[in-house]
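Given next are the chains, with one letter for each unit.
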Amino acid sequence: MRDDPIAKVLDDLLKLDDIFACMVARQNMISVMPSDDNDSFKPEIHDVWDIIHRAMDDVFSVIREYSQAGLTEMEFQMQDYEALFFVFPDTENALVAIIPALANKGLIEVEMENSRREILKIMDEPEKEREVVTA
Amino acid sequence: MAKEKLEAAVGMSRKWDAREAGKEVARSAIEKLSSPPDFLVLFSTIHYKDYGGFQELLNGVYDVLPEDVPLVGGTVRGFSNTYGCYARGSTLLAVSSKNMDVAVGIGNNTKRNPKKAAVKCAKMIKSGLKNSIYESSFLLNIISGSEVPNMPPLGRKKIIEPGATPKALMKLFSFSQYTLQMGAARDEEVTEEMISQLPEFSMLGGATLDNGPNFRSYQFCRKEVLKNAIVSLGIKTNNNFFVQSTHNMIKTSITFKITKMSKDGRIIHEINGKPALSELLRLLNWPKEILNEDTWLKTTFYFPIGGKYNKDDKDDVPHIIGIILGESLLLTYKSKDSNASILTIDGKRLLDTIDLNFSSMKIKPEFGLISSCTTRLETMGNRIYQAKDRISKYMKDSPFIVFYVGGESTYSPTDGLNYANMSFNTAVFGNDD
């Protein structure tokens with residue numbers, strides 16, 4: 001996990017002040033978390049994580065249904081937070097980030113897009129090349 | 001090896017450590033050049049402040065490059081280049097040419113005395129280029145951007161509620177502007193004086209920013225990190241170039257008269273004979289609660305006040321409200337026109353302004369610098385990649401940097417000054433064919 005290049009992409013994203021949590025996920029499963037595993041989410045969302053996580057799983061039902069039809073992004077706002085979903089094309093997986101509801105979303109979206117592109121590049125690399133890739 | 005006529009390259013770094021980023025951004029640019037660069041233009045986001053600082057960023061650049069290579073630049077909200085679009089990192093344009101003379105200039109204390117800053121900067125440019133034999137003249141102006149005023153005991157806020165008398169608020173604001181140099185950028189005043197000093201130069205300008213709070217931004221000149229400064233790169237050349245400004249905003253049906261204004265044209269006190277803020281909210285049909293520190297980004301930016309920069313101008317240009325002082329509205333730059341309107345734009349027009357801009361370009365591009373309002377980046381979010389793709393279509397394989405700033409302008413001796421918020425401004429260089 002610690003050498004996972006996708007985790008390193010998430011580490012970079014999590015360094016941004018307004019990203020409280022980020023992960024690669026699908027319904028009922030978080031596939032990749034930032035390198036520090038369970039300690040990697042910022043304390044701001046610890047109290048609301050459970051309810052947000054449940055809502056995320058419901059959103060993934062929609063992603064699973066419509067990803068092949070070209071669904072690329074979803075989002076929802078709950079209490080003082082927003083969850084952004086950047087879908088990996090034609091898959092049931094998405095890059096997910098939790099941010100403050102009134103964050104400067106435009107700038108965050110730019111970096112989410114960059115992370116999505118980086119992760120897609122990593123996913124497209126053949127298995128044995130991926131082992132030696134470092135961020 | 002004989003120097004190529006003109007070579008240009010863009011470098012990039014996404015490293016967090018400032019020193020390492022400086023080395024990488026420089027290396028990744030110059031490895032594409034066959035000769036040492038004649039000048040560098042460096043933009044970075046504000047993040048390096050917490051990862052070593054901007055002095056280390058410049059030190060890293062000059063670890064790789066000789067210290068006599070002139071450099072100008074500053075902090076920006078984000079940038080696009082031939083690699084992609086970014087809200088974090090640094091990017092560098094390096095240019096090498098047989099047919100250019102280059103000089104850099106600095107002027108200090110732009111918020112306190114913009115004229116004096118411009119005069120000093122222009123003097124350095126004139127001195128640096130006085131022996132040049134080339135005919136065409138271009139100036140890149142990077143100026144310290146607006147910062148939220150610090151008005152003790154009220155602190156640093158975008159919205160100062162009515163409470164203190166207008167006179168007291170203006171006094172506090174003046175203290176912040178002139179003593180602390182935290183307030184309006186006054187970059188249009190700097191630009192006007194640069195034009196007055198160097199009228200034969202075409203120009204591209206932009207005001208530096210941080211990543212949102214508007215508390216502090218920085219300018220770079222050679223190895224110096226500056227605040228409240230103008231840094232300029234002057235070029236004399238035989239190369240063709242093209243400068244153009246577009247914004248593509250349209251007027252809504254909401255028009256009004258500015259009936260009381262500060263002497264410097266920057267603060268609107270009354271609209272239609274009534275207190276400005278209340279009357280503006282009434283015209284927009286907005287409840288008072290819609291405007292607060294948290295909703296700022298989603299409200300004021302998208303309903304800029306339109307007015308003519310010069311009375312003889314054909315079109316209204318957008319003026320963003322910088323801060324609210326009680327019932328008064330501080331604009332990011334002065335308005336010279338009492339007839340005003342509310343402007344608006346949609347996503348399609350934001351993108352189409354790129355085509356509008358480049359459609360009048362008649363040269364084959366070798367490199368480009370584009371100053372674009374940060375609102376375009378923040379509005380489009382990840383769709384900024386669509387903007388970048390459109391630009392790439394016109395620039396073909398030539399290197400370019402779009403730097404996202406607050407307060408942008410172009411000037412040419414034939415077309416005059418175009419200064420606006422929410423605009424898209426290009427300076428594209430061709431070869432000397």
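Residues numbered from 1 in each chain as written. Chains lettered and ligands numbered in written order. Predicted model: local features only at pLDDT ≥ 70, side-chain atom pairs only at ≥ 80, totals over all residues.

Along its length, chain A carries 4 helices and 5 strands. Along chain A, from the amino end to the carboxyl end, the secondary structure elements read α-β-β-α-β-β-β-α-α. Among the 135 residues that make up chain A, the fraction classed as buried is 36%. Taking the contacts inside chain A whose residues are at least 6 apart along the sequence as the reference set, 54% of them involve residues at least 24 apart. (Helix = DSSP H or I, 4+ residues; strand = E, 2+ residues; numbered from the N terminus. Buried ≥ 20, exposed ≤ 12 C-beta atoms within 10 Å, placed from the backbone. Contact = placed C-beta atoms within 7 Å.)

In this structure, Gly107(B) sits in strand E7 (residues 100-108). For the pair formed by Gly107(B) and Val231(B), sequence separation is 124 residues and the distance between their alpha carbons is 6.7 Å.

So, about the nonpolar core. By size, the foremost hydrophobic cluster in this structure holds 163 residues, and its most contacted members are Val96(A), Ala97(A), Leu92(B), Leu93(B) and Leu329(B). Each of domain 1 (6-146 + 183-246 + 348-429) and domain 2 (250-344) of chain B contributes no fewer than three residues to this core. (Core = buried A, V, L, I, M, F, W, Y, C linked by C-beta atoms within 7 Å. Domains from an automatic or database assignment.)

Residues and elements named next belong to chain B. Assignment of secondary structure puts Leu-169 in helix H4 (residues 166-180). For Leu-169, a count of 20 C-beta atoms within 10 Å translates into the label buried. For Leu-169 and Ser-328, which are 159 residues apart along the polypeptide, the C-alpha to C-alpha distance reads 9.6 Å.

Quick look at the interface of chain A and chain B now. At the interface, 12 residues of chain A touch 21 residues of chain B. For the side of chain A that touches chain B, the class distribution of residues is 4 nonpolar, 3 polar and 5 charged. (Nonpolar A, V, L, I, M, F, W, Y, C, P; charged D, E, K, R; others polar.)

Turning our attention to helix H2 (residues 54-64) of chain B. Residue and element names in this part refer to chain B. What H2 keeps buried is the set Phe-54, Leu-57, Leu-58, Gly-60 and Val-61. Seen end-on, H2 carries its buried residues on one side only, within an arc spanning 150 degrees. Residues of H2 that are buried sit in contact with helix H1 (18-30), strand E2 (39-44), strand E3 (71-75), strand E6 (90-97), strand E13 (219-221) and strand E14 (224-226). (Arc of directions from axis to C-beta.)

In this section: the sheet that holds strand E15 (residues 229-237) of chain B. Residue and element names in this part refer to chain B. If you walk across this open sheet you meet the 6 strands as E7-E15-E8-E12-E27-E28, and the pairing is mixed. The open sheet has two free edges, formed respectively by E7 and strand E28 (416-420), since each of these has just one partner strand. Geometrically, the sheet is characterised by an average inter-axis angle of 10 degrees between neighbouring strands, direction not taken into account. Bridge count for E7 against E15 is 9 bridges, and the pairing is antiparallel. In the strand pairing of E15, Gly-107 is matched with Ile-230. Strands E7, strand E8 (136-143) and E15 of the sheet are contacted by helix H3 (residues 114-128), whose axis makes an angle of about 160 degrees with E7. Contacts from helix H5 (residues 187-197) reach E8, strand E12 (202-207), E15, strand E27 (408-412) and E28 within the one sheet, and its direction differs from that of E8 by about 160 degrees. (Pairing = 2+ DSSP bridges. Axes fitted to C-alpha atoms, helices over the stretch in contact; angles between N-to-C directions.)

A few words now on the domain arrangement of chain B. Residue and element names in this part refer to chain B. If you check the domain split of chain B, you get domain 1 (6-146 + 183-246 + 348-429) and domain 2 (250-344). Computed from C-alpha coordinates alone, the two centres of domain 1 and domain 2 are separated by 29 Å. Those elements that provide at least two residues to the side of domain 1 that touches domain 2 are helix H9 (374-380) and E28. Its residues placed into classes, the side of domain 1 that touches domain 2 shows 4 nonpolar, 5 polar and 2 charged.

A separate point is the sheet that holds strand E5 (residues 85-86) of chain B. Residues and elements named next belong to chain B. If you walk across this open sheet you meet the 6 strands as E5-E4-E26-E25-E29-E16, and the pairing is mixed. The outermost strands of the open sheet, each flanked by one partner alone, are E5 and strand E16 (241-246). Note that strand E4 (residues 78-81) and E5 share 2 bridges and pair antiparallel. The residue bridging Ser-80 from the neighbouring strand is Cys-85, located in E5.

Side-chain direction in a regular strand flips from residue to residue, so the side chains alternate between the two faces of the sheet. Residues and elements named next belong to chain B. Counting buried residues in E2 gives 6 out of 6 residues, a clear majority hidden from the surface. The alternating pattern of E2 places Phe-39, Val-41 and Phe-43 and Leu-40, Leu-42 and Ser-44 on opposite faces, both of which are buried. The sheet contact formed by E2 and E6 spans 6 bridges and is antiparallel. Residue pairing for E6: Phe-43 is matched across the bridge by Thr-91. Here E2 pairs with E3 via 5 bridges, running parallel. Within E3, the position partnered with Val-41 by the bridge is Val-72. Handedness of the β-α-β unit built from E2, H2 and E3 comes out right-handed. (Right-handed = clockwise from strand over helix to strand, strands pointing away.)

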